[in-house]
Amino acid sequence: MKVVLPGINRCFECCEDKVQSLIIENPKLFCKIISDIEWQLEGNQGNCVVSKDDKVLETGKALELIAQFIPFDINRKTLINKAIAEMSKIAVNDYNYVKTMELMGGIEQYCNALAFEMPGNIEIAQINVDALLKAAGVKFSDDYERLSEKLLDYFELVKRYETDKVFVLLNIHSYMDSGEIEEFLKEVVAHRYNVLLIDGKEYELSEMEERYIVDSDLCEIS
């Protein structure tokens, strides 16, 4: 996937043998680019362009900006809903259908029995698999020792349950030391995740980075 950002004369080609890295030392341009991305993520028209196989994609659906890493919650509502939808399909497949219907019938009978002991004419809505799974509190495990591990799992979840996206990581170097960054970027390349790093100042260059710099005078250095 490719990304073109306003005010920068370069096309960033993600998912290559190195991770694309952009350093923007000019605060005004930094703010302009991040604001443009956020504006498009809210469903508006902007100047950031994302494409795949020479086809322009809707930025709001094809790109995700991650600017907050502490806390960082992988359990986005859309991901949970997609997981529940898939679990619901599994629950009524040929192997699980009878077991699922028996379970739901038992729960409905139990609820009706409880309602019978209550004052008033209480009715129980028909139970469906989605409602049952939501009540069970389905979520992804969020127990990680390292931020890099959580991010890699998150990338995979988005790719698996939603779509292939470009992940723009804002100032990620402030949250990982050089060793963790190196391991993280190796995994990004190995799994072919589309990642673009954007930082406001220069850090030690990783072997896995292809870095592009826009300095404070707006000079572009590759």
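Preceding block: the structure.
Since the model is a prediction, treat every value here as computed from it, not as a measurement. (Residues numbered from 1 in each chain as written. Predicted model: local features only at pLDDT ≥ 70, side-chain atom pairs only at ≥ 80, totals over all residues. Heavy atoms only, no water.)

Some details on the environment of Asp 73
For Asp 73, the position within the fold is in the loop between strand S6 (63-66) and helix H3 (77-91). Overall, Asp 73 belongs to the partly exposed group, its relative accessible area being 44%. Between the alpha carbons of Asp 73 and Thr 163 there is a distance of 19 Å; along the sequence they are 90 residues apart. (Helix = DSSP H or I, 4+ residues; strand = E, 2+ residues; numbered from the N terminus. Buried < 20%, exposed > 50% of the residue type's maximum accessible area, 1.4 Å probe, protein only.)

Topic: the side chain of Ser 148
Looking at the element boundaries, Ser 148 is found in helix H6 (residues 147-161). What Ser 148 contacts, discounting residues up to four positions off in sequence, is Met 176, Glu 180 and Phe 184. (Contact = heavy atoms within 4.5 Å.)

Observations concerning the packing of aromatic side chains
Considering all chains together, one arrives at eight aromatic pairs under this definition. Ring centres of Phe 140 and Tyr 161 lie 5.7 Å apart, and the angle between their planes is 50°; on these two criteria the pair is classed as tilted. Remark: Tyr 161 occurs in helix H6 and Phe 140 occurs in the loop between helix H5 (129-135) and H6; sequence separation between them is 21 residues. With a relative accessible area of 14%, Phe 140 lands in the buried category. Taking 5.6 Å as the distance between ring centres and 65° as the angle between the ring planes, the aromatic pair formed by Phe 155 and Tyr 193 counts as edge-to-face. Within this pair, whereas Phe 155 is found in helix H6, its partner Tyr 193 is found in the loop between helix H7 (178-190) and strand S8 (194-199), the two being separated by 38 residues in sequence. Across this residue pair, the class does not change: Phe 155 and Tyr 193 are buried. Here the aromatic cluster, defined as three or more aromatic residues joined through ring pairs, consists of Phe 72, Tyr 154, Phe 155, Phe 167, Phe 184 and Tyr 193. If you follow Arg 160 out to its NZ or CZ, it ends over the ring of Tyr 161, 5.0 Å from the centre. (Phe/Tyr/Trp six-rings, centres within 6.5 Å; stacked < 30°, edge-to-face > 60°. Lys NZ or Arg CZ within 6 Å of the ring centre and 35° of its normal.)

Let's talk about a nonpolar patch on the surface
On the surface, Val 92, Tyr 97, Val 98 and Met 101 cluster together to form a nonpolar patch covering roughly 350 Å² of accessible area. With respect to the helices, strands and loops of the structure, Tyr 97 is situated in helix H4 (residues 97-116). According to the relative accessible area criterion, Tyr 97 is partly exposed, its value standing at 43%. (Patch = residues over 30% accessible without salt bridge, like charges linked within 9 Å, V, L, I, M, F, W, Y side chains within 5 Å. Areas by Shrake-Rupley, 256 points an atom, 1.4 Å probe, with all protein chains shown as cover. Salt bridge = Lys/Arg side-chain N within 4 Å of Asp/Glu carboxyl O.)

Points about H4
For H4, with 20 residues, the first-to-last C-alpha span of 28 Å sits near the 28 Å given by 1.5 Å per residue. Every buried residue belonging to H4 is among Thr 100, Met 104 and Ala 115, and all of these are buried. Buried residues of H4, viewed axially, fall in a sector of 45°; they line one side. The exposed set on the far side of H4, more than 90 degrees from its buried face, consists of Val 98, Lys 99, Glu 102, Gln 109, Tyr 110 and Phe 116. Contacts made by the buried residues of H4 are with H3 and H5. (Expected span 1.5 Å × (residues − 1). Arc of directions from axis to C-beta.)

As for unusual backbone geometry
Residue Ile 70 is joined to Pro 71 through a cis peptide bond whose omega torsion reads -5°. Assignment of secondary structure puts Pro 71 in the loop between S6 and H3. The phi dihedral of Asp 54 is positive, around 65°, even though this residue is not glycine. In this structure, Arg 192 is a non-glycine residue whose phi angle is positive, near 60°. Take Arg 192: it is sitting in the loop between H7 and S8.

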